[in-house]
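Examination of the molecular architecture
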Amino acid sequence: MTQSGPEAATLPLDSIVRGDCIEVMEGLPESSVDLIFADPPYNLQLKGDLHRPEGSRVDAVDDDWDRFASFETYDAFTRAWLKAARRVLKPDGAIWVIGSYHNIFRVGASLQDAGYWILNDVVWRKTNPMPNFRGKRLTNAHETLIWAAKSEKSRYTFNYDALKALNEGTQMRSDWTLPICSGHERLKGADGHKAHPTQKPQSLLHRVLVGSTDPGDVVLDPFFGTGTTGTVAKMLGRRFIGIEREQAYIDAAEERLSRVRPYEKAALCVSQGKRSEPRVPFGTLVERGLLRPGETLVNSKGVMAKIRADGTLCSDKLTGSIHQVGAAIDGAPSCNGWTYWSFIRDGQRVPIDSLRQQIRAELI
């Protein structure tokens, strides 16, 4: 679905709005989107055609939307769209911006000037980069993404364990090796030429959205192009808003989106670490009657402690939380009381953490 002009009252979810990205974002509700993925013009400053050594012309980026009169003009444009983008981000929202050496350093400075808080810069190392045809520079084999929160205080989404799982159990690094968009994924026009010169691969957006959004989140792409962000968002159960000026790109994106089949809901669950689980105080177990005041807990060495009505423990002359008493008994600087203590049921030791997990299951 395509809409024209800014929508002031409601979010145009799962649709493409045709128009200038700054004007459209200024018409969207304030603090209304969870994540922005921006692939702005790179201002490549190409002068004349680019040819291969044998003389054939390279299908490079020479469109009017990538042309700016000066660096000052480009900087003013960058500041304007970043300001509009920050207004529509929720307080705990975040933004990803991708660029090349032509523009990303200027964009990074503008991000910081606008009040964003940079979290990471990510190097996308291309496995199949376009060669340097003139042979006068190094092959430009990477692009840079900047991931930034709306502010230093933002509690942004980061699915650490999901990205770790994607990386076969190893912490995800800030250098990503992925191929450029090619083959069956590359959209072509009726003339056989690329529908968009800078179409991004779905693998890149998959990693971004799995890592920094949750199902149901609203993802805004102010430079929608042929719709890679919307395509991956739709697959992953996220809502999207695309903004695009060029009708030819909108037509290609809409046709592409019409063919997208969302993944099954059950498949959208991702790995979650302990840090993302709901916090359950030990006292909750006492309040709920799962453990009774006066009941005895025991550690692996048989040392016992009695539960008090306020959720603390008492063992000999030691009193305190399940963590404090466990640490004092072992003479250790710290202790995870949830794995340290057990209670007795039918003559068997049962870890108190099993009761915590029972309560957590009710909260999800």
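Named according to an unreviewed UniProt entry, the protein is Methyltransferase originating from Palleronia marisminoris. A UniProt comment under Sequence similarities (unreviewed entry) is attached to the protein, and it reads "Belongs to the N(4)/N(6)-methyltransferase family."

**Remarks on the overall build of the protein**
In terms of helices and strands, the protein carries 11 helices and 15 strands. Taking all 364 residues of the protein together, the buried fraction comes to 45%. Partitioning the contacts of the protein with sequence separation of at least 6, the portion at a separation of at least 24 is 65%. Looking at the protein as shown, the accessible area adds up to about 19,300 Å², and 50% of this sits on carbon and sulfur atoms.

**A word on the packing of aromatic side chains**
For the coordinates displayed, the defined rule picks out 11 aromatic pairs. Ring geometry for W96 against W147: centres 5.3 Å apart, planes inclined by 10 degrees, an arrangement best described as stacked. Here W96 is found in strand β4 (residues 89-99), whereas its partner W147 is found in strand β6 (residues 142-149), with 51 residues between them in sequence. Judged on exposure class, the residue W96 and its partner W147 are both buried. Taking 6.1 Å as the distance between ring centres and 70 degrees as the angle between the ring planes, the aromatic pair formed by F158 and Y160 counts as edge-to-face. A relative accessible area of 19% means that Y160 is categorised as buried. Of the aromatic side chains, those joined through ring pairs into one cluster are W96, W147, Y156, F158, Y160 and W176.

**Remarks on the side chain of T226**
Turning to its location among the elements, T226 is positioned in the loop between β8 (218-221) and α6 (228-235). Residue T226 is classed as buried on the basis of its relative accessible area, which comes to 3%. If we skip the residues at most four places from it in the chain, T226 touches L187, A195, H196, Q199, Y249, A252, A253 and R256.

**Some thoughts on the sheet that holds strand β10 (residues 296-298)**
A sheet is described by the order of its strands in space; here 6 strands give the open sequence β13-β12-β11-β10-β14-β15, paired in antiparallel fashion. Single-partner strands in this sheet number two, and they are β13 (318-320) and β15 (348-351). Sheet twist, expressed as the average angle between the axes of neighbouring strands with direction ignored, equals 35 degrees. Sheet topology places strand β14 (residues 342-345) next to β15; 4 bridges connect them, and they run antiparallel. What sits directly across from S342, in β15, is P351. Seen against the sheet, helix α9 (residues 322-330) touches β12 (313-315) and β13 and runs at an angle of roughly 150 degrees to β13. Against the sheet, helix α11 (residues 353-363) makes contact with β14 and β15, and its axis sits at roughly 50 degrees relative to β15, the strand it touches most.

**So, the nonpolar core**
One recurring pattern in soluble globular proteins is that nonpolar side chains are buried together. Ranked by internal contacts, the top residues of the largest apolar core, which has 32 residues, are W96, L145, W176, L204, V208 and L209. At 5 residues, helix α5 (residues 202-212) tops the list of elements feeding residues into this core. With sequence-adjacent residues up to four places away left out, V208 is seen in contact with L35, F37, W96, L145, W176 and T213. Judged by nonpolar contacts, the second largest core, of 30 residues, contains V17, A85, L89 and L220.

**Side note on α5**
Across the 11 residues that make up α5, a large majority, 8, are buried. Within α5 the residues assigned to the buried category are L204, L205, R207, V208, L209, V210, G211 and S212.

**Quick word on the packing of helix α2 (residues 71-88) against helix α3 (residues 104-113)**
Interhelical geometry of α2 versus α3 gives an angle of 45 degrees and a closest axis separation of 10 Å. On the basis of their axis angle, the class for α2 and α3 is oblique. In this structure, α2 meets α3 at a crossing whose hand is right-handed. Across from F71, Y74, D75, T78, R79 and L82 in α2, the residues of α3 making contact are R106, V107, S110 and L111.

The rules behind these values
- Residues numbered from 1 in each chain as written.
- Predicted model: local features only at pLDDT ≥ 70, side-chain atom pairs only at ≥ 80, totals over all residues.
- Heavy atoms only, no water.
- UniProt positions renumbered as here; feature names shortened; annotations may be inferred.
- Helix = DSSP H or I, 4+ residues; strand = E, 2+ residues; numbered from the N terminus.
- Buried < 20%, exposed > 50% of the residue type's maximum accessible area, 1.4 Å probe, protein only.
- Contact = heavy atoms within 4.5 Å.
- Areas by Shrake-Rupley, 256 points an atom, 1.4 Å probe, with all protein chains shown as cover.
- Phe/Tyr/Trp six-rings, centres within 6.5 Å; stacked < 30°, edge-to-face > 60°.
- Pairing = 2+ DSSP bridges.
- Axes fitted to C-alpha atoms, helices over the stretch in contact; angles between N-to-C directions.
- Core = buried A, V, L, I, M, F, W, Y, C linked by side-chain atoms within 4.5 Å.
- Parallel < 35°, antiparallel > 145°, perpendicular 65-115°, else oblique.
- Left-handed = near helix turned anticlockwise from the far one by under 90°.

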